[in-house]
Amino acid sequence: MNNYKITNLRSGKSYFLNEEEKTNFFKKNKFQNYDILNLSKLKRIKRNKILDNIIFVSFFAAAILSTILIIELYY
């Protein structure tokens, strides 16, 4: 289930709602007065960026270690 942060553009007040609460909220209020952020999607993007960095560092460390191993064995 997705979580949303809905901010009123005029007053700046924020609401944290799930999908069901969001649909009920917008039955009463107009869409155009609010900014909607999907917090579940933002959390997933943040986690993927962290995993990408871990993969990059691991690949770089493996390249350095294999270079050191080759130098140790053949020189």
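The structure under discussion appears in the preceding block.
In this report, we go over the structure that sits alongside the text. Quantities reported herein were computed from a predicted structural model and do not represent experimental measurements.

## Focus on helix 1 (residues 19–28)
Okay, step 1: For helix 1, the complete set of buried residues consists of Lys22, Phe25 and Phe26. Buried residues of helix 1, viewed axially, fall in a sector of 90°; they line one side. Exposed residues pointing more than 90 degrees away from the buried face of helix 1 are listed as Glu20, Lys27 and Lys28.
Okay, step 2: Elements in contact with the buried residues of helix 1: strand 1 (3–8), strand 2 (14–18) and strand 3 (34–38).
Okay, step 3: For helix 1, the N-terminal cap is Asn18; the gap from its side-chain oxygen to the backbone nitrogen of Glu20 is 3.3 Å.

## Considering the side chain of Lys22
Okay, step 1: Following the sequence through the fold, Lys22 ends up in helix 1.
Okay, step 2: Buried charge without a partner: Lys22 forms no salt bridge, and the closest opposite charge is Glu19, 7.8 Å away.
Okay, step 3: Those residues within four positions of Lys22 in sequence are excluded, and the remaining contacts are Tyr4, Ile6 and Leu17.

Cut-offs used in this document
- Residues numbered from 1 in each chain as written.
- Predicted model: local features only at pLDDT ≥ 70, side-chain atom pairs only at ≥ 80, totals over all residues.
- Heavy atoms only, no water.
- Buried < 20%, exposed > 50% of the residue type's maximum accessible area, 1.4 Å probe, protein only.
- Helix = DSSP H or I, 4+ residues; strand = E, 2+ residues; numbered from the N terminus.
- Arc of directions from axis to C-beta.
- Contact = heavy atoms within 4.5 Å.
- Polar contact = N/O pair within 3.5 Å; in protein donor to acceptor, adjacent residues only side chain to side chain.
- Lys, Arg positive; Asp, Glu negative; His and termini not counted.
- Salt bridge = Lys/Arg side-chain N within 4 Å of Asp/Glu carboxyl O.

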